[in-house]
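For reference, the chains in residue letters:
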Amino acid sequence: MKALIQRVRRASVEVDEREVGAIGPGLLALVGVEKGDDEAAADRLLHKLLHYRVFADADGKMNRNLQQAEGGLLLVSQFTLAADTRKGLRPSFSSAAPPAEGERLFHYLLDRARAAWPQVASGEFAADMQVALVNDGPVTFLLEG
């Protein structure tokens with residue numbers, strides 16, 4: 001599993017002009033599920049999402065994690081993260097998990113995140129979503145579970 005994380009001042013996601021998830025300061029995580037991913041990969045990714053140190057401490061250094069910063073976590077499924085872009089000018093999605101498996105693992109990650117942290121929001125799996133964010137920094141990392 002992969003997550004492109006962005007430290008945000010705020011972020012939200014809409015489906016059909018209806019807001020389905022929003023956070024204030026925290027992390028927006030665009031999540032991609034690949035073939036061969038399993039619950040253990042989701043658990044590793046969640047650990048990184050909650051503990052990756054990307055928030056400033058009193059000295060301005062990135063030494064605090066999401067929980068220490070008391071931030072929100074917005075999870076948005078994005079199968080395009082599983083694209084192979086090494087060849088040609090069109091992405092290949094052959095490494096992406098089949099939709100049913102991607103949905104199952106995304107919801108597993110979401111359920112585990114909600115059990116571990118009270119400030120979790122999400123988009124809707126496989127929906128046409130509009131994501132709005134104010135990137136703080138900008139600070140962006142690609143995490144792999």
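That block above? That's the structure.
Note that this is a predicted model, so its numbers are computed, not measured.

Position of Q67 among the secondary structure elements: in helix α2 (residues 66–69). Every residue in contact with Q67, bar those within four places of it in the chain, is listed here: L50, H51, A116 and W117. There is a polar contact of 3.4 Å between the side chain of Q67 and the side chain of H51.

Another point: the pairing of strand β6 (residues 72–77). Counted residue by residue, β6 has six buried out of six residues, so it is predominantly covered. The alternating pattern of β6 places G72, L74 and V76 on one face and L73, L75 and S77 on the opposite face, and all of these are buried. Across six bridges, strand β3 (residues 26–32) lies against β6 in parallel orientation. Paired with L30 across the bridge in β6 is V76. Across three bridges, the pairing between β6 and strand β7 (residues 120–122) is parallel. When the sheet's bridge partners are listed, L74 is paired in β7 with A121.

This brings us to helix α3 (residues 99–116). Between its first and last C-alpha atoms α3 spans 26 Å; for 18 residues at 1.5 Å apiece the expected length is 26 Å, and the two agree. Listing the buried residues of α3 in full gives G102, L105, F106, L109, L110 and A113. Down the axis of α3, the sector holding all buried residues measures 140°, keeping them to one side. Away from its buried face by more than 90 degrees, α3 exposes A100, D111 and A115. If you follow the buried residues of α3, they end up packed against β3, α1 (39–51), β6 and β7.

The terminal C-alpha atoms of α1 lie 18 Å apart, and with 13 residues this matches the ideal 18 Å at 1.5 Å per residue to within 8%. Of the residues making up α1, those classed as buried are A41, A42, L45, L46, L49 and L50. Buried residues along α1 cover an arc of 160° about the axis, so they all sit on one side. On its buried face, α1 is in contact with β1 (2–15), β3, α2, β6, α3 and β8 (129–144). You can read the cap of α1 off the contacts: a side-chain oxygen lies 3.2 Å from the backbone nitrogen of A40, and it is on D38.

Okay, the packing of aromatic side chains next. For the structure on display, the rule yields three aromatic pairs. An angle of 70° between the planes, with centres 5.6 Å apart, marks the rings of Y52 and F141 as edge-to-face. Taken together, the positions of Y52 in the loop between α1 and β4 (55–56) and F141 in strand β8 put the pair 89 residues apart, joining distant regions of the chain. Overall, F141 belongs to the partly exposed group, its relative accessible area being 28%. Plain terms: the ring middles of F79 and F93 are 4.9 Å apart, the flat faces sit at 50° to each other, and that makes the pair tilted. Taken together, the residues span a long stretch of sequence, with F79 in the loop between β6 and α3 and F93 in the loop between β6 and α3 at a distance of 14 residues. For F79, a relative accessible area of 54% puts it in the exposed group. According to the relative accessible area criterion, F93 is partly exposed, its value standing at 34%.

Turning next to the pattern of salt bridges. Tallying each qualifying case throughout the model produces eight salt bridges. Close ionic contact of E34 with K2 constitutes a salt bridge, the shortest N to O distance being 3.6 Å. Residue E34 is located in the loop between β3 and α1, and its partner K2 is located in strand β1; the two are separated by 32 residues in the primary sequence. Taken as a pair, E34 and K2 share a single burial class, namely buried. A salt bridge links R7 to D136, with the nearest nitrogen and oxygen atoms 3.4 Å apart. Separated by 129 residues along the polypeptide, R7 in strand β1 and D136 in strand β8 bring together distant segments of the chain. Connected through salt bridges with shared partners, the residues R7, R9 and D136 form a single ionic network.

About the criteria used
Residues numbered from 1 in each chain as written. Predicted model: local features only at pLDDT ≥ 70, side-chain atom pairs only at ≥ 80, totals over all residues. Heavy atoms only, no water. Helix = DSSP H or I, 4+ residues; strand = E, 2+ residues; numbered from the N terminus. Contact = heavy atoms within 4.5 Å. Polar contact = N/O pair within 3.5 Å; in protein donor to acceptor, adjacent residues only side chain to side chain. Buried < 20%, exposed > 50% of the residue type's maximum accessible area, 1.4 Å probe, protein only. Pairing = 2+ DSSP bridges. Expected span 1.5 Å × (residues − 1). Arc of directions from axis to C-beta. Phe/Tyr/Trp six-rings, centres within 6.5 Å; stacked < 30°, edge-to-face > 60°. Salt bridge = Lys/Arg side-chain N within 4 Å of Asp/Glu carboxyl O.

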